[in-house]
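Coordinates in review
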Amino acid sequence: RKEVEQDPGPFNVPEGATVAFNCTYSNSASQSFFWYRQDCRKEPKLLMSVYSSGNEDGRFTAQLNRASQYISLLIRDSKLSDSATYLCVVKSAGTYKYIFGTGTRLKVLA
Amino acid sequence: DGGITQSPKYLFRKEGQNVTLSCEQNLNHDAMYWYRQDPGQGLRLIYYSQIVNDFQKGDIAEGYSVSREKKESFPLTVTSAQKNPTAFYLCASSSSSYEQYFGPGTRLTVT
């Protein structure tokens, strides 16, 4: 089983739609969680960290469920510019090693 | 401007040659990392360094070498022993448990 798993997609959604991605992790000692966005042939860019109580940044909401060991990303009112691959990243306490999922591809259609 | 720089953006080499990829950061981060990404695949960790003069192998270190003589710099050498070196190479840095930031990457093509 992979340490971090994501549905590769693609998720094809119309502009204005709400879309959600989940990411599961296997290490219960994981303590830090992040969502990154990666555009084609570019470097990953931090979208948001995921806090225990959940957090929101504009149209983006991230949630953490420790009991079921998954994190989620919700995008409301999708824009064409949201089209990208979304990477889930997990880090255990006391280590410098980040574990990346393979990403979920989102296409927002006009 | 604070950030991570990688050079060159594109690099072409003949098989059998060693090549060194540059990575510099001015974020004052302790930890630095090298990843490799192949088309349609996730990031795979090659090497990482938590402090100067110390580094650890990642999941796919064979055929690669690194050095960390300065906090700001973490060059990666792709040796001729690396069987499939053509890939997108990403350097990153982080401070303790916080977020990781990436450089723009170097696309290496070996023919």
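Refer to the preceding data block for the structure.
All of the points below concern the structure found in this document. (Residues numbered from 1 in each chain as written. Chains lettered and ligands numbered in written order. Predicted model: local features only at pLDDT ≥ 70, side-chain atom pairs only at ≥ 80, totals over all residues. Heavy atoms only, no water.)

Focus: the overall build of chain A
Note the following rule: By definition, any uninterrupted DSSP run of H or I lasting at least four residues is a helix, any uninterrupted run of E lasting at least two residues is a strand, and each is numbered from the N terminus. For this measure, only C-alpha atoms enter the radius of gyration; the expected value for a globule follows 2.2 Å times N^0.38, where N is the number of residues.
A count of helical and extended segments in chain A gives zero helices and eleven strands. The N-to-C order of helical and strand elements in chain A reads β-β-β-β-β-β-β-β-β-β-β. Radius of gyration (C-alpha) of chain A: 13 Å, near the 13 Å computed for a compact globule of 110 residues. In terms of overall dimensions, chain A has a C-alpha envelope of 45 × 30 × 20 Å along the principal axes.

Here we look at the state of the cysteines
Residues and elements named next belong to chain A. Selection criterion: Whenever a pair of cysteine sulfur atoms sits within 2.5 Å, that pair is classed as a disulfide.
Evaluation of the coordinates by the stated rule reveals two disulfides over all chains. Note that Cys-23 is cross-linked by a disulfide to Cys-88, the S-S spacing being 1.9 Å. With the S-S dihedral at roughly -70 degrees, the linkage between Cys-23 and Cys-88 falls on the left-handed side. Separated by 65 residues along the polypeptide, Cys-23 in strand β3 (residues 19-25) and Cys-88 in strand β9 (residues 84-92) bring together distant segments of the chain.

Things to note about the layout of surface pockets
The condition is simple: Only protein atoms enter the 1 Å grid used here. Points where a 1.4 Å probe fits but cannot escape make up a cavity, open sets with protein on both sides within 12 Å along at least five of seven lines make up a pocket, and a residue lines them when an atom lies within 4 Å of a point. Grid points are joined across faces, edges and corners, and a volume is the space filled by probe spheres set on the points. Here the nonpolar group is Ala, Val, Leu, Ile, Met, Phe, Trp, Tyr, Cys and Pro; Asp, Glu, Lys and Arg are the charged ones; every other residue, Gly included, is treated as polar.
Roughly 670 Å³ of volume is contained in the largest pocket. Considering the residues around the largest pocket, the lining is formed by 27 residues, among which Arg-41 of chain A together with Gln-37, Asp-38, Pro-39 and Gly-40 of chain B are closest to the centre. In terms of residue count, strand β11 (residues 104-109) of chain A provides more of the lining of the largest pocket than any other element does, four residues in total. Residue composition of the lining of the largest pocket, by class: nine nonpolar, eleven polar and seven charged. Taken as a whole, the second largest pocket holds about 300 Å³ of empty space. Looking at the second largest pocket, it is lined by 15 residues, and the ones nearest its centre are Ile-99 and Phe-100 of chain A together with Leu-43, Arg-44 and Asp-59 of chain B.

Regarding the side chain of Ser-94 of chain B
Our working definition: Here the term buried applies to any residue with accessible area under 20% of the maximum for its type, exposed to any over 50%, and partly exposed to those in between, with areas from a 1.4 Å probe on protein chains only. Pairing of N or O atoms within 3.5 Å defines a polar contact, subject to two protein rules: one partner must be a possible hydrogen donor and the other a possible acceptor, and residues neighboring in sequence count only if both atoms are side-chain atoms. Here, two residues are considered to be in contact whenever any of their heavy atoms come within 4.5 Å of each other.
For Ser-94 of chain B, the location among the structural elements is in strand β9 (residues 87-94). Of the residues examined, Ser-94 of chain B reaches a relative accessible area of 0% and is grouped as buried. One polar contact links Ser-94 of chain B to Tyr-98 of chain A, side chain to side chain, over a distance of 3.3 Å. Apart from residues no more than four positions distant in its own chain, Ser-94 of chain B is found in contact with Tyr-96 and Tyr-98 of chain A together with His-29, Asp-30, Ala-31, Tyr-33, Glu-99 and Gln-100 of chain B.

Considering the sheet that holds strand β1 (residues 4-6) of chain A
Residue and element names in this part refer to chain A. To keep it simple, the criterion reads: Strand pairing is defined by DSSP finding a minimum of two bridges between the two strands. Axes here mean lines fitted to C-alpha atoms, for a helix over just the part in contact, with angles spanning 0 to 180 degrees between N-to-C directions.
Pairing within the open sheet is antiparallel, and its five strands lie in the order β1-β3-β8-β7-β6. Both edges of this open sheet fall to β1 and β6 (55-57), since each of them pairs with a single strand only. Each strand of the sheet is rotated relative to its neighbour by a mean of 20 degrees, with strand direction disregarded. Bridge count for β6 against strand β7 (residues 60-65) is three bridges, and the pairing is antiparallel. Across the sheet, residue Asn-55 finds its bridge partner in β7, namely Ala-62.

So, the packing of aromatic side chains
Going by this rule: Classification of ring pairs rests on two measures: the distance between centres of Phe, Tyr or Trp rings, Trp counted by its six-membered ring, which must be within 6.5 Å, and the angle between planes, read as stacked under 30 degrees, edge-to-face over 60 and tilted in between. Two conditions define a charge sitting above a ring: the NZ of Lys or the CZ of Arg must be within 6 Å of the ring centre, and it must be within 35 degrees of the ring normal.
On inspection of all chains with the given rule, the structure shows 14 aromatic pairs over all chains. For the pair Tyr-35 of chain B and Phe-102 of chain B, a centre-to-centre distance of 5.7 Å together with 45 degrees between the ring planes defines the contact as tilted. Note that Tyr-35 of chain B is positioned in strand β4 (residues 31-37) and Phe-102 of chain B in strand β10 (residues 100-102), a separation of 67 residues in sequence. The pair Tyr-35 of chain B / Phe-102 of chain B is uniform in exposure class, with both members buried. Through successive ring pairs, a cluster of aromatic residues spans Phe-34, Tyr-36, Tyr-98 and Phe-100 of chain A together with Tyr-33, Tyr-35, Tyr-48 and Phe-102 of chain B. Geometry around Phe-74 of chain B places Arg-68 of chain B over its ring, the cationic atom sitting 6.0 Å from the centre.

Section: the pattern of salt bridges
Spelled out, the test is: For this document, the term salt bridge refers to a Lys or Arg side-chain nitrogen within 4 Å of an Asp or Glu carboxyl oxygen.
All chains considered together, the criterion is met by eight salt bridges over all chains. Note that Arg-59 of chain A is salt-bridged to Asp-82 of chain A, the shortest N-O span being 2.8 Å. Note that Arg-59 of chain A is positioned in the loop between β6 and β7 and Asp-82 of chain A in the loop between β8 (70-75) and β9, a separation of 23 residues in sequence. What makes Arg-59 of chain A partly exposed here is its relative accessible area of 22%. Of the charged contacts, one joins Arg-44 of chain B and Asp-38 of chain B as a salt bridge, the two residues approaching to 2.8 Å between their closest N and O atoms.

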